[in-house]
Structures are given as structure tokens and as C-alpha cells.
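Here is how the chains run, residue by residue.
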Amino acid sequence: MINLDSKFEIKSRGLLDAENSVSLFDFYQPLIFSDGVYLYQYLVHEFKSKECEGVVGDLVAHSGLSFEKFLVAKKSLESVNLISTYTKKGSD
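Residues numbered from 1 in each chain as written. Predicted model: local features only at pLDDT ≥ 70, side-chain atom pairs only at ≥ 80, totals over all residues. Heavy atoms only, no water.

A. Spatial organisation of the overall build of the chain. Scanning the chain from N- to C-terminus turns up three helices and two strands. Counting helices and strands in the order they occur from the N terminus, the chain gives β-α-β-α-α. Judged by the C-alpha coordinates and their principal axes, the chain covers about 40 × 25 × 25 Å. The burial tally for the chain puts 32% of its 92 residues in the buried class. Restricting to contacts in the chain with at least 6 residues of sequence separation, those with at least 24 account for 75%. Positive and negative charge centroids in the chain, built from 10 and 13 side chains respectively, lie 7 Å apart. (Helix = DSSP H or I, 4+ residues; strand = E, 2+ residues; numbered from the N terminus. Buried < 20%, exposed > 50% of the residue type's maximum accessible area, 1.4 Å probe, protein only. Contact = heavy atoms within 4.5 Å. Lys, Arg positive; Asp, Glu negative; His and termini not counted. Charge placed at Lys NZ, Arg CZ, Asp CG, Glu CD.)

Below you can see the structure in the form of C-alpha cells.
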């Protein structure tokens, strides 16, 4: 379960930019559904606008997704390896 008070940081290993977003819709959307596509694009936007750190609760609230939809979208993005989440040792 995600602790809404924990901190997050967005880092890039490579992004699907606007030119490659066709593959996001053509290949990934059937697997991650519309909320997954939305969350991925939201995280890319946050990264590009330098909003790369904060509190998870704020990220969920600002994304416009309900907590449940956020969790499902996050899990679907992780399942196709579009995002990875890690817990820092010694923290919640």
C-alpha cells in the first residue's frame, strides 16, 4: 500500500516523447487502459515541468484520479515496465 504522506521523486530512464506517443496509444493503451495512459502522460508532464519531487498525496490529488484509479494505473504501468517504483532503504 502507498503511504500518502511519503515523499516521491520522478527520475527518467528515457521517456516516450511526443513523437513516440503513438506507440503509447497503439501498443500500450490496450494493456494499460486510458487511466494508465493518462497517468504516464501526467508523470511525463510533471518531469518536463521540473515538478519532480513532492508528497505522494499531492501527486494523487493533482493528477485528478481517485486514489483507487491511481493505484490501478500505477500497477498497470509497472506491469509493462513503463514506470518503476522503489522504496528508499530506511524509510516507509
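B. A look at the side chain of S6. Among the structural elements, S6 can be located in the segment before β1 (7–9). In terms of polar contacts, S6 uses its side chain to reach the backbone carbonyl oxygen of N3, at 2.7 Å. (Polar contact = N/O pair within 3.5 Å; in protein donor to acceptor, adjacent residues only side chain to side chain.)

C. Examining the packing of aromatic side chains more closely. In total, this model carries two aromatic pairs according to the counting rule given. Considering the side-chain rings of Y38 and Y42, the 6.4 Å spacing of their centres and the 20° angle between planes classify their relative orientation as stacked. With Y38 and Y42 both in helix α1 (residues 21–48), this residue pair falls four residues apart, about one helical turn. Assessed through its relative accessible area of 36%, Y38 is described here as partly exposed. (Phe/Tyr/Trp six-rings, centres within 6.5 Å; stacked < 30°, edge-to-face > 60°.)

D. Structural view of the nonpolar core. L24, I32, L39, Y40, L43, L77 and L82 are the most contacted members of the largest nonpolar core, which totals 21 residues. Of all the secondary structure elements, the ones that give two or more residues to this core are α1, α2 (56–63) and α3 (67–79). Tallying contributions element by element places α1 first for this core, with nine residues. (Core = buried A, V, L, I, M, F, W, Y, C linked by side-chain atoms within 4.5 Å.)

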